[in-house]
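Tertiary structure, described
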Amino acid sequence: MREDSRRAMRTALCGTLLAFGACDSARRPPTAQQAARPAAASAENTASSATPPPAAAQPTPAPTTTRLPAPPRLVALGDLHGDFEATRTALRLAGAIDPQDRWIGKDLVVVQTGDQLDRGDGERKILELLERLQTEARAAGGALHVLNGNHELMNAAGDLRYVTAGGFLDFADVAGVDLADPRAARVPEPMRARWLAFAPGGPWARKLAERPVVLVVGETVFTHGGLLPQHVRRGLDTINDEVQRWLRGDGEISPEILQDDDSPVWVRRYCLEPKPADCDVLRETLAAVPAKRLVVGHTVHKEGVMSACDGAVWCIDVGMAAYYGGHPEALEIVGDKVTVLREP
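The present account deals with the structure reproduced in this document. Residue positions are given per chain, counted from 1 along the sequence in the order it is written. For a predicted model such as this one, the threshold for reporting local features is a pLDDT of at least 70, and the threshold for listing and counting side-chain atom pairs is 80 or more; totals across whole chains, interfaces and linings nevertheless cover every residue. Processing note: side-chain calculations cover all non-hydrogen atoms of the structure and skip hydrogens and water entirely.

1. Regarding the layout of surface pockets
Here the idea is plain: a probe the size of a water molecule rolls over the atoms and shows the empty space left. Roughly 460 Å³ of internal volume is contained in the largest pocket. Considering the residues around the largest pocket, the lining is formed by 21 residues, among which Gln134, Arg138, Leu144, Glu210 and Arg211 are closest to the centre. Among the elements of the structure, helix 4 (123–140), strand 4 (143–146) and helix 8 (203–208) are those that each provide at least two residues to the lining of the largest pocket. Of all the elements, helix 4 adds the most residues to the lining of the largest pocket, at 6 residues. Residues of the lining of the largest pocket, tallied by class, amount to 10 nonpolar, 6 polar and 5 charged. The way it works is a 1 Å grid over only the protein atoms, where trapped points that fit a 1.4 Å probe form a cavity and open points with protein on both sides within 12 Å along at least five of seven lines form a pocket, and then any residue with an atom within 4 Å of a point lines it. Grid points are joined across faces, edges and corners, and a volume is the space filled by probe spheres set on the points. Here a strand is any run of E in DSSP of at least two residues, a helix any run of H or I of at least four, and the numbering for each starts at the N terminus. Under the convention adopted here, Pro, Cys and the residues Ala, Val, Leu, Ile, Met, Phe, Trp and Tyr are nonpolar, Asp, Glu, Lys and Arg are charged, and Gly plus all remaining residues are polar.

2. Considerations on the sheet that holds strand 10 (residues 329–334)
For two strands to pair, DSSP has to find at least two bridges joining them. On the basis of which strands lie adjacent, the open sheet formed by 5 strands has the order 4-3-2-10-11 and mixed pairing. The two strands at the open ends of the sheet, each matched to only one other strand, are strand 4 and strand 11 (337–342). In this sheet, neighbouring strand axes are inclined to one another by 20° on average, regardless of whether the strands run parallel or antiparallel. Two strands pair when backbone bridges link them, and strand 2 (residues 74–77) and strand 3 (residues 109–112) are joined in this way by 4 bridges, in the parallel orientation. Bridge assignment links alanine 76 to a residue of strand 3, and that residue is valine 111. Axis angles are defined between N-to-C directions and span 0 to 180 degrees, where every axis is a line fitted to C-alpha atoms and, for a helix, only to the segment in contact.

3. Thoughts on the environment of tyrosine 323
Looking at where tyrosine 323 falls in the secondary structure, it is placed in the loop between strand 9 (313–315) and strand 10. Measuring from C-alpha to C-alpha, the distance between tyrosine 323 and leucine 80 comes to 9.9 Å, with 243 residues separating the pair along the chain. Here arginine 119 takes part through its side chain, which lies 3.2 Å from a polar atom of the side chain of tyrosine 323. Pairing of N or O atoms within 3.5 Å defines a polar contact, subject to two protein rules: one partner must be a possible hydrogen donor and the other a possible acceptor, and residues neighboring in sequence count only if both atoms are side-chain atoms.

4. Details of the packing of aromatic side chains
Two rings belonging to Phe, Tyr or Trp (six-membered ring only in the last case) form a pair when the distance between their centres is within 6.5 Å. Interplanar angles under 30 degrees mark stacking, angles over 60 mark edge-to-face geometry, and anything in between is tilted. For the structure shown, the criterion picks out 4 aromatic pairs. Aromatic pair tyrosine 323 and tyrosine 324: ring centres 4.9 Å apart, planes at 75°, arrangement edge-to-face. No difference in accessibility class separates tyrosine 323 from tyrosine 324, as the two residues are buried. Joined through ring pairs, the aromatic side chains of Phe171, Phe198 and Trp204 make up one cluster. Definition used: whenever NZ (Lys) or CZ (Arg) falls within 6 Å of the ring centre and also within 35 degrees of the ring normal, the charge is taken to sit over that ring. Taking the ring centre of tyrosine 162 as reference, the NZ or CZ of arginine 119 above it sits at 4.6 Å. Above the plane of the ring of phenylalanine 171 lies arginine 124, whose end atom (NZ or CZ) is 5.7 Å from the centre. Accessibility here uses a 1.4 Å probe with only protein chains present; expressed as a share of the type maximum, an area under 20% marks a residue as buried, one over 50% as exposed, and anything in between as partly exposed.

Structure follows, in structure tokens:
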């Protein structure tokens, strides 16, 4: 499709979707209240309230491993939010890919802490690039681990408020989606294909189900928002399994994981000027894992990667996507040495 025709379609589609509370075309961050959790909305006005019911059971893939040994070199990347070029830049900064987007990292291990979706038009290209690089990295003796963030779970729950018009167009032709599926009867037609693609049991939801919410690599624990003692008590494997089964369409997900302020994908406690009491909670959490440090995204720091609690937490969402006007950065961990990687 010629770019001018695509642009015209995107503009027209966005105008339609805005009436339903979808299409993130304003190019500005939500208010603090909006960022806290998905807003309630009537089923007649938005697809966000039309939480997809479980689909027919699908074959269960091998469970994602929650704990992995420390590699010689470990690099973490924060929120990507639909910006394909920022994603490529961050991966090059990490030493993972060449200018042709091929894996050159050898035994490098990269962890991306979630939120590939929403706010930008490059989501599908990002997802497909990361999927290919996972295969190439394994073949080279390295690894690329991609986590689910709050925006992945929001899309699976039918909350499409932050999807751009281009984001709807790019998922309009997903194999395995039946637009006549009665589960989407109340969803506006322009939103239906994407809604079904990410609904539990849908083609892209099953791909998301291969990922963890929490991952421990060596002495570093990664998640999107944050980790609290109750999460460790509940069990990191248990949290990952619950989310993965829900995404496959094999079970339910608890509100405490999907949208609670203290969910691992929503909590911001350690990245918003943490107080001594917050650092005490973090140390308790890390002792229980056990791990030396926590690396999270979710809370934007346009000034760059931020560390708190004497290096016990690293907040790596630098707002690298164009939506935030940011610039890519990455976090490198080699043994006990932690380094922020920035472009010259």
